[in-house]
Amino acid sequence: MNILICDDDKEIAEAISIYLKHEGYTTLLAYNGVQAVKLLESNDIHLIIMDVMMPEMDGIRATVEIRREHNIPVIMLSAKSEDTDKIIGLNIGADDYITKPFNPLELIARVKSQLRRYTKLGSRPQQDDQDIFQIGGLVLDDKDKTVALDGEEVHLTPIEYKILLLFVRNKGRVFSIDEIYERVWGEESFGGGSTVTVHIRRIREKIEIDPKNPKYIKVVWGLGYKIDKQ
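Once a new chain begins, its residue numbering starts again from 1 and follows that chain's sequence as written. Side-chain atom pairs in this predicted model are given and counted only at pLDDT of 80 or more, local residue features only at pLDDT of at least 70, and totals for whole chains, interfaces and linings cover all residues. Side-chain metrics rest on all non-hydrogen atoms present in the structure, leaving aside hydrogens and water.

1. Examining the overall build of the chain
A tally of helices and strands in the chain yields eight helices and eleven strands. Over its C-alpha atoms the chain spans a radius of gyration of 22 Å, topping by over 25% the 17 Å that the globule rule assigns to 230 residues. Overall size of the chain, expressed as C-alpha extent along the three principal axes, is 70 × 35 × 35 Å. The burial tally for the chain puts 44% of its 230 residues in the buried class. Pairs of residues are marked as contacts when any of their non-hydrogen atoms sit within 4.5 Å. Contacts in the chain between residues at least 24 apart in sequence constitute 51% of all its contacts with a sequence separation of at least 6. Total accessible area on the chain stands at roughly 12,300 Å², and carbon and sulfur atoms take up 48% of it. His is not counted, nor are the chain ends; Lys and Arg add positive charge and Asp and Glu add negative charge. Charged side chains are reduced to one point each, which is NZ for Lys, CZ for Arg, CG for Asp and CD for Glu. One finds the centroid of the 31 positive side-chain charges in the chain at a distance of 5 Å from the centroid of its 38 negative side-chain charges. Comment: elements are numbered from the N terminus, with helices defined as DSSP H or I runs of at least four residues and strands as E runs of at least two. It is over C-alpha atoms that the radius of gyration is taken, and the globule rule equals 2.2 Å times the number of residues to the power 0.38. For every residue, the accessible area (1.4 Å probe, protein chains only) is compared with the maximum for its type, and the residue is labelled buried under 20%, exposed over 50%, or partly exposed between those bounds. Reported accessibility uses the Shrake-Rupley method at a 1.4 Å probe radius. Residues are deemed covered only where the shown protein chains occlude them.

2. Comments concerning a negative patch on the surface
Each patch is built from salt-bridge-free residues with over 30% relative accessible area, joining like charges within 9 Å and nonpolar side chains (Val, Leu, Ile, Met, Phe, Trp, Tyr) within 5 Å. The rule for a salt bridge is simple: a side-chain nitrogen of Lys or Arg has to be within 4 Å of a carboxyl oxygen of Asp or Glu. On the surface, Asp-8, Asp-9, Glu-11 and Glu-14 cluster together into a negatively charged patch. Examined against the element boundaries, Glu-11 turns out to sit in helix α1 (residues 10–22).

3. Details of the sheet that holds strand β8 (residues 146–149)
An order of β6-β7-β8-β9 is seen for the four strands of this open sheet, with the pairing classed as antiparallel. A single partner strand is all that each edge strand has here, and the edge strands are β6 (132–135) and β9 (152–154). Here the strands of the sheet are splayed against their neighbours by 25° on average, with no regard to which way each runs. Being paired, for any two strands, means DSSP has found at least two bridges between them. Sheet topology note: the β6/strand β7 (residues 138–141) ladder contains four bridges and is antiparallel. Within the sheet, the bridge partner assigned to Phe-133 lies in β7 and is Leu-140. Only the stretch in contact is used when a helix axis is fitted, and all axes are lines through C-alpha atoms; the angle between N-to-C directions ranges over 0 to 180 degrees.

4. Side note on helix α3 (residues 59–67)
All buried positions along α3 are accounted for by Gly-59, Ile-60, Ala-62, Thr-63 and Ile-66. Taken around the axis of α3, the buried residues stretch over an arc of 165°, which confines them to a single face. Polar contact is the term for a pair of N or O atoms within 3.5 Å; when the atoms are in protein, one must be able to donate a hydrogen and the other to accept it, and sequence-neighboring residues count only if both atoms are side-chain atoms. The backbone nitrogen of Ile-60 lies 3.1 Å from a side-chain oxygen of the residue at the head of α3, namely Asp-58. The arc in question is the one traced by the directions running from the helix axis out to the C-beta atoms.

5. Let's talk about the packing of helix α7 (residues 177–185) against helix α8 (residues 193–207)
Running from amino to carboxyl end, α7 crosses α8 at an angle of 80°, the nearest separation of the two axes being 9 Å. With respect to α8, the axis of α7 lies roughly perpendicular. Listed contacts from α8 to Ile-177, Ile-180, Tyr-181 and Trp-185 of α7 are Gly-193, Thr-195, Val-196, Thr-197, His-199 and Ile-200. Only Asp, Glu, Lys and Arg are considered charged, only Ala, Val, Leu, Ile, Met, Phe, Trp, Tyr, Cys and Pro nonpolar, and every remaining residue, Gly among them, polar. Tallied by class, residues from the contact of α7 with α8 come to six nonpolar, four polar and no charged. In what follows, roughly perpendicular refers to angles from 65 to 115 degrees, roughly parallel to angles under 35, roughly antiparallel to angles over 145, and oblique to any angle outside these ranges.

6. Some words on the nonpolar core
One finds Leu-164, Phe-167, Ile-180, Ile-217 and Ile-227 to be the most contacted residues of the largest nonpolar core, which totals 27 residues. Residue assignment for this core shows that the elements contributing at least two residues are β6, β7, β8, α6 (158–169), α7, α8 and β11 (224–227). Considering each element in turn, this core owes the most residues, seven residues, to α6. Each residue touching Ile-180, except ones within four places of it in the same chain, is listed here: Ile-163, Leu-166, Phe-167, Phe-175, Trp-185, Val-196, Ile-200 and Tyr-225. Only buried Ala, Val, Leu, Ile, Met, Phe, Trp, Tyr and Cys residues count toward a nonpolar core, and they belong to the same one when joined by side-chain atoms within 4.5 Å. The next biggest cluster of nonpolar side chains, apart from the first, holds 22 residues, and it includes Leu-4, Ala-36, Ile-48 and Val-52.

Okay, here's the thing in structure tokens:
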């Protein structure tokens, strides 16, 4: 993922870049708000670390400008610790705020948290993270083992989760009841059809607005079940 670092202190910007690259991220550097806005126009950016006090265009004005077109996470960075600065930053659209001097581990943790939340809510395409699967408003995070529907967490049992994961990993593919049983339970299916059916009904009750007219898990008569590509 690409992270834009905007700070007029080049040493700080480069230090942050080193920390992030060590975690596997790609970084771009800007030294004022004008440069940050221009880089955002020509690059696919997934998160911005934005200093508040900068020449030409400060971080507050830059964030206001960015929020007109983009919904990517913005972490504000400032040497000031007054509550008013934090409140202003959050009110104009920043997602988080960290004060200099900062612990690099804390910054990395906040970056990961924002990216995780951003991806789970479906603002990024599925291919940005191989552990994230999105179909319409349904988002499954196989790293955190969580499921969300329209931004609200859905609580599934382990078996229900495994069945749903099987479907979302293979969008559009039809699975017979026996195949579902063998893949999820890890044993041959001897009369396990009713068990599968019950679990699918329970999943539908949790993720479908109208379980009798499902949007996600569809039955293919005489063949089995599938989850549609959307």
